[in-house]
Each structure stands twice: as C-alpha cells, then as structure tokens.
Amino acid sequence: MGGADVMGIQWLYTGIIDLIALLFILVHRNEYKEAIQKVYSLKFTLLFSALVIWAILSIFYALN
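Everything numeric in this text was worked out from a predicted model, so none of it was measured. (Residues numbered from 1 in each chain as written. Predicted model: local features only at pLDDT ≥ 70, side-chain atom pairs only at ≥ 80, totals over all residues. Heavy atoms only, no water.)

### Notes on the overall build of the chain
Along the backbone of the chain there are three helices and zero strands. Its helices and strands taken in sequence order, the chain reads α-α-α from the N to the C terminus. Approximately 6,400 Å² of the chain is accessible, and the part contributed by carbon and sulfur atoms is 73%. (Helix = DSSP H or I, 4+ residues; strand = E, 2+ residues; numbered from the N terminus. Areas by Shrake-Rupley, 256 points an atom, 1.4 Å probe, with all protein chains shown as cover.)

So, in structure tokens, the structure goes:
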C-alpha cells in the first residue's frame, strides 16, 4: 500500500484475521463451550493471561 514500513500492512491483515476468528468463536460459543472451558482450566492459560494483563498495564508506567 505504499507505506514506509512494508510489514505494517501484514500486521494489519493479521489483526483483522484474529478479530474475524474471535468473532466466529464468540458467535458459535455454544459449540465450542467444552473446548473453551478446557483451555481456561489450564494453569499455562492463567499464567499467560496474567502476563498479557501485566504487559497491557505496563503501558502506563513504562519509560520507553
């Protein structure tokens, strides 16, 4: 698309695909209910979720 950063548009496409997949899962959540519960019962998922929340919150106190 003529941008200085050629990877930017690929990040945009990846983000759009992620949102479409998330919306699909949310719309069909009754079909995936058992699998979703199994994933969220794993300790790794809870640990990774805590890391993501910490990374989001670090926006407010990080110096760079």
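### A look at the side chain of Thr-45
Take Thr-45: it is sitting in helix α3 (residues 43-57). Relative accessible area serves as the criterion here: at 13%, Thr-45 is assigned to the buried category. A polar contact is formed between the side chain of Thr-45 and the backbone oxygen of Val-39, at a distance of 2.8 Å. The residues contacting Thr-45, other than those within four sequence positions of it, are Val-39 and Tyr-40. (Buried < 20%, exposed > 50% of the residue type's maximum accessible area, 1.4 Å probe, protein only. Polar contact = N/O pair within 3.5 Å; in protein donor to acceptor, adjacent residues only side chain to side chain. Contact = heavy atoms within 4.5 Å.)

### Some remarks on the layout of surface pockets
In this structure, the largest pocket occupies an estimated 220 Å³ of space. Along its surface, the largest pocket is lined by Leu-22, Ile-25, Leu-26, Tyr-32, Ala-35, Ile-36, Val-39 and Tyr-40. Residue assignment for the lining of the largest pocket shows that the elements contributing at least two residues are α1 (8-27) and α2 (33-40). Residues of the lining of the largest pocket, tallied by class, amount to eight nonpolar, no polar and no charged. (1 Å grid on protein atoms, 1.4 Å probe; cavity = no way out; pocket = protein on both sides within 12 Å on 5 of 7 lines; lining within 4 Å. Points joined across faces, edges and corners; volume = space filled by probe spheres on them. Nonpolar A, V, L, I, M, F, W, Y, C, P; charged D, E, K, R; others polar.)

### Quick look at the confidence of the model for the chain
On average, the chain scores 87 in pLDDT, and the residues at 70 or more come to 89%. The secondary structure element of the chain with the lowest average pLDDT is α2, at 89, and the one with the highest is α3, at 93. (pLDDT = per-residue confidence, 0-100.)

### Some words on a nonpolar patch on the surface
A grouping of Leu-42, Phe-44, Phe-48, Leu-51, Val-52, Ile-53, Trp-54, Ile-56, Leu-57, Ile-59, Phe-60 and Tyr-61 is seen on the molecular surface, where their side chains present a nonpolar patch of about 1,400 Å² in accessible area. You can see Phe-44 is positioned in helix α3. (Patch = residues over 30% accessible without salt bridge, like charges linked within 9 Å, V, L, I, M, F, W, Y side chains within 5 Å. Salt bridge = Lys/Arg side-chain N within 4 Å of Asp/Glu carboxyl O.)

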